[in-house]
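Residue-level structural notes
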Amino acid sequence: QVQLVESGGGLVQAGGSLRLSCAASGGTFSSYVMGWFRQAPGKEREFVASISWSGGSTYYGDSVKGRFTISRDNAKNTVYLQMNSLKPEDTAVYYCGTGRRYQVGVTSSPGIEYWGQGTQVTVSS
């Protein structure tokens, strides 16, 4: 059983930056593909970014390409999401999740095996 805890959310003005963290425990973190998803009120959960188990491959949703960067530190069992040039439409609860072991990427919710509890990101205009 893998446990995931997100942190780093908050309120920021448009154009600002935030860095989310997701700390993992209870599994072999370095073997899992990791993903970030988000869900705004009244909307479905949306893919944001994923990173392969080795960190060598990354994927991004179209709405965040060029603004967000996913990274991981396997020594710290942590995955990060650096969010720059934030827009009001980025407002959502952000969730991290683990995909299956030794995958290159995970871009849809059915591919996630374990979810964190989420962290709120609010971008004011």
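Remember, it's a predicted structure, so these values are computed and weren't measured experimentally. (Residues numbered from 1 in each chain as written. Predicted model: local features only at pLDDT ≥ 70, side-chain atom pairs only at ≥ 80, totals over all residues. Heavy atoms only, no water.)

1. Looking at the packing of aromatic side chains
- By the definition in use, this model includes 4 aromatic pairs.
- An aromatic cluster of at least three residues, connected via ring pairs, comprises F37, F47, Y95 and W115.
- Residue placement shows R45 over the ring face of Y95; its charged tip is 3.7 Å from the ring centre.
- It is R45 that lies over the ring of W115; its NZ or CZ is 4.5 Å from the centre. (Phe/Tyr/Trp six-rings, centres within 6.5 Å; stacked < 30°, edge-to-face > 60°. Lys NZ or Arg CZ within 6 Å of the ring centre and 35° of its normal.)

2. Section: the pairing of strand β1 (residues 3-7)
- In β1, alternate side chains face the same way, and those of L4 and E6 are buried while those of Q3, V5 and S7 on the opposite face are not.
- Here 5 bridges tie β1 to strand β3 (residues 18-25), and the two strands are oriented antiparallel to one another. The residue of β3 that forms the bridge with S7 is S21. (Buried < 20%, exposed > 50% of the residue type's maximum accessible area, 1.4 Å probe, protein only. Helix = DSSP H or I, 4+ residues; strand = E, 2+ residues; numbered from the N terminus. Pairing = 2+ DSSP bridges.)

3. Focus: the pattern of salt bridges
- Taken as a whole and assessed by the stated rule, the structure comprises 5 salt bridges.
- With a shortest N-O distance of 3.2 Å, D62 and K65 are connected by a salt bridge. Across this residue pair, the class does not change: D62 and K65 are exposed.
- With a shortest N-O distance of 3.9 Å, E113 and R100 are connected by a salt bridge. With a gap of 13 residues between them, E113 in the loop between β9 (92-101) and β10 (114-115) and R100 in strand β9 connect regions that are remote in the sequence.
- For R100, a relative accessible area of 39% translates into the label partly exposed.
- Each of R38, E46, R67 and D90 takes part in one network of salt bridges that share partners. (Salt bridge = Lys/Arg side-chain N within 4 Å of Asp/Glu carboxyl O.)

4. Description of the pairing of strand β7 (residues 68-73)
- Burial along β7 is one-sided: F68, I70 and R72 are buried, while T69, S71 and D73, pointing the other way, are not.
- Looking at chain direction, β7 and strand β8 (residues 78-83) are connected through 6 bridges and run antiparallel. Along β8, the bridge assignment pairs F68 with M83.
- Linkage of β7 to β8, two consecutive antiparallel strands, is achieved through a turn of 4 residues, within which N77 is found at a positive phi near 55°.

5. Some remarks on the environment of L20
- Inspection of the secondary structure assignment puts L20 in strand β3.
- For L20, a relative accessible area of 0% gives the class buried.
- When neighbours within four sequence positions are excluded, L20 is seen to be in contact with S7, G8, G9, W36, V79, Y80, L81, M83, Y94, T119 and V121. (Contact = heavy atoms within 4.5 Å.)

6. Observations concerning the sheet that holds β3
- Taken in spatial order, the 4 strands line up as β1-β3-β8-β7 in an open sheet, and their pairing is antiparallel. Among the strands making up the open sheet, the edge pair consists of β1 and β7. Neighbour to neighbour, the strand axes of the sheet diverge by 15° on average, direction disregarded. (Axes fitted to C-alpha atoms, helices over the stretch in contact; angles between N-to-C directions.)

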